[in-house]
Every structure is written in structure tokens, then in C-alpha cells.
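Structural description and commentary
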Amino acid sequence: MLTKISKHLQNLAKKSKAIKKQFYPSEKEKKSSLRASLDPLSEEKYKKTKGLIHKYPKRVLVELTLNCAAFCRFCTRRRDVSNIKKGILSPQNIKDIMDYIYSQSKINEVIISGGDPLTTPKLLIFFLQKLLESRQIKIIRIHTRVPVSNPSFVTKELLDIFSRVNTVKPLYIGIHFEHPDEITPVTIKTISSLRKTGAILFSQSVFLKGINDSYETLEKLFTKLSELGIRPYYIFHCDLVKGIEHFIVPIEKEIKIMTKLRKNLSGIAFPFHAIDAPKGFGKIIVPLKFWEFKKDYFRDFNMKKILMYP
Ligand code: SF4
């Protein structure tokens, strides 16, 4: 994967090690174990037409571009992301995607991802218009990291189309956050503009060794996000991708942190902790480490309650 770091992140990285580690390449990327692969989630297997991944019955993911405002070193799609020439979709590709969607009547949701779809605004607007025309598509999701990596890419033109989409169908915008140092005044302003479009904002994160694998860091991150009107949605165990193994946090450590967070955070500030299972089997929620749950006790309790009624 190429190196690309926006001016905004270069400035932040001067003061924040957590940001520097995410975007500046390291020698560790050259080492990988035999267990790691380039595509552990088998996304290539689910590609139906250029740019479209269809893994779950009711939703599809569209990689609108393989470009981003900055390239995260831990990217799961690093096998492809940054290969800009290969990645960008043409109007004909969009037509093929819409034809595929119309051939599968169960699909009601489109996730626009990449790369980062906000780096190709004209194409994003074109695609959103196609989705607006579709009676079949009821839910639109956009996944982006631009509010963190280059907030200036969130232009008035984009805000206008997001507002328009929201008058017709719900628009969900998932923003990728890893560390509280990413929440700067300009990012806060961008979040506020996105909220005014009526879009429902949620966050996604990845556990990253040496960056956010501590209770204090995540407590601060999820509290701040929920205060800003972003619902923390998922935090993932880092995928076993070649070149990013040095970012993987032991799962036991993650569980310990998440259990403590569950005890102390408000429910709306607490995300799902999940593993994206290898070979495309989907997301598995990681259980917390509370006391043993005695199902029998609650079954008996309910029975007695029912018997008490005449
Ligand atoms: S913004 Fe997303 S797609 Fe782009 S490099 Fe980062 S994780 Fe990968």
C-alpha cells in the first residue's frame, strides 16, 4: 500500500504518537506470519461486478474508489486500497451495479465504502442520485474517514446532496475513529455540519496495539463521540491481514477493556465488540467477561410469575 498523509494529519502527528503510528509506515509491515493473508474475509469471492461485494442477503457493499484522503497502515483492504487507477468506477460500472441490485429483489440497503467515497464527490453524487431514483433501495450508508483525515473534503456540495437524500430515505454515515486525538475543532465543526443534514451518524473503530488498547483511551473516545451526536457502533478486532499483524491486540486484553467499559459507560456510548470471521462467515460479537449467567434461574422465575396470575 502506498503512503499518503494529508497536511491535516501531518500537523496532528507532530503532537500525537497515536496518529503518527496510524499513518506513517513502519518496518514491521514487511514481516508477516503464515496465518495471515491478503484477503482473510474472502471479499474477492463475493465480488459480483466491478466494485460490488454481495455477502449478506439484504445489503451490498460498493467500493466506489480505492483512493482515500490518507492511507491507514492497518487497512483491511490494503491489498487494493491506494491502487487508484484500478479502483475508480466508471458510469458504466455504476450501471452494472444497479443492474445487479435490480436482479436481486431482497437487497434493500447499499453501503458506499472504498477506499473513501468522499474523495470522489462527483461520482458519489452521481451514485446517490441513482439510489434516490430506486424504489428498491430503502437504506443508504456511507462509510468515510474524511472528517478525521481531511475535513475540508466535506464540501457544501456534498452536504446538500446528503440533506436531499435524507428527505427521501434514511442516510447513515459511518465515520472511522481510533483515538481521541483525532477529534479536533475542525473535525467537530464537520461533524456538526453532517448532523445538520439529518444523517444518522455512527462510528466504527479497530483495536490497535499501542494506539487505543487502553481503557482510558477508549473511555475518552466513546464518551466524546456520543457527546458529539455520533453513536459508537462497532469496535473490531484487527483482521489477520499480511503486513498489519503488529497492530493486533490479544483478544483477552480487548475483552477485559470492553467489560470495564460496559460497567462504566452509558449504554449509548458503548459499541459492539466484534470479530469479522475469516472466510466471509460474518461478524461475531465477542462476549463480555461478567459472572456466569444462570439461564435456569430466570426460566423458573418467569414460570412462577405466570402461575401467580389468575
Ligand atoms: S480510510 Fe478506510 S479504506 Fe482508507 S486506508 Fe483508512 S481504513 Fe482503509
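Scroll up to find the structure.
With that settled, the discussion passes to helix α7 (residues 156–168). Because the α-helix completes a turn every 3.6 residues, residues three or four places apart line up on one side. End to end, α7 covers 19 Å across 13 residues, agreeing with the expected 18 Å (1.5 Å per residue, within 8%). Buried within α7 are the following residues: Leu158, Leu159, Ile161, Phe162 and Val165. Taken end-on, α7 shows its buried residues confined to a sector of 165 degrees, consistent with a single buried face. More than 90 degrees from the buried face of α7, the exposed residues found are Lys156 and Thr167.

In this section: the packing of helix α9 (residues 215–227) against helix α10 (residues 251–264). Between two packed helices, the angle of one axis relative to the other and the distance separating the axes together describe the packing. Close contact between α9 and α10 brings their axes to 10 Å; oriented N to C, the two are set at 45 degrees. One finds that α9 runs oblique with respect to α10. When the axes of α9 and α10 are compared, the crossing they make is right-handed. Contact residues: α9 offers Tyr215, Leu218, Glu219 and Phe222, while α10 offers Ile257, Lys260, Leu261 and Asn264. Taken together, the residues of the contact of α9 with α10 break down into five nonpolar, one polar and two charged.

Okay, unusual backbone geometry next. Residues Gly114 and Gly115 are joined by a peptide bond in cis, for which omega reads 20 degrees. Along the polypeptide, Gly115 turns up in the loop between β4 (109–113) and α5 (121–133). Look at Ser42: it is not a glycine, yet its phi comes out positive at around 55 degrees. Within the secondary structure layout, Ser42 lies in the loop between α2 (17–23) and β1 (47–49). Among the residues examined, Ser42 registers a relative accessible area of 16% and is labelled buried.

Moving on: the side chain of Glu43. With respect to the helices and strands, Glu43 occurs in the loop between α2 and β1. One polar contact links Glu43 to Arg79, side chain to side chain, over a distance of 3.1 Å. Among residues more than four places away in sequence, those in contact with Glu43 are Ile53, Arg77 and Arg79.

How each quantity is defined
- Residues numbered from 1 in each chain as written.
- Predicted model: local features only at pLDDT ≥ 70, side-chain atom pairs only at ≥ 80, totals over all residues.
- Heavy atoms only, no water.
- Helix = DSSP H or I, 4+ residues; strand = E, 2+ residues; numbered from the N terminus.
- Expected span 1.5 Å × (residues − 1).
- Buried < 20%, exposed > 50% of the residue type's maximum accessible area, 1.4 Å probe, protein only.
- Arc of directions from axis to C-beta.
- Axes fitted to C-alpha atoms, helices over the stretch in contact; angles between N-to-C directions.
- Parallel < 35°, antiparallel > 145°, perpendicular 65-115°, else oblique.
- Left-handed = near helix turned anticlockwise from the far one by under 90°.
- Contact = heavy atoms within 4.5 Å.
- Nonpolar A, V, L, I, M, F, W, Y, C, P; charged D, E, K, R; others polar.
- Polar contact = N/O pair within 3.5 Å; in protein donor to acceptor, adjacent residues only side chain to side chain.

Limitation: the analysis is restricted to geometry and does not speak to function.
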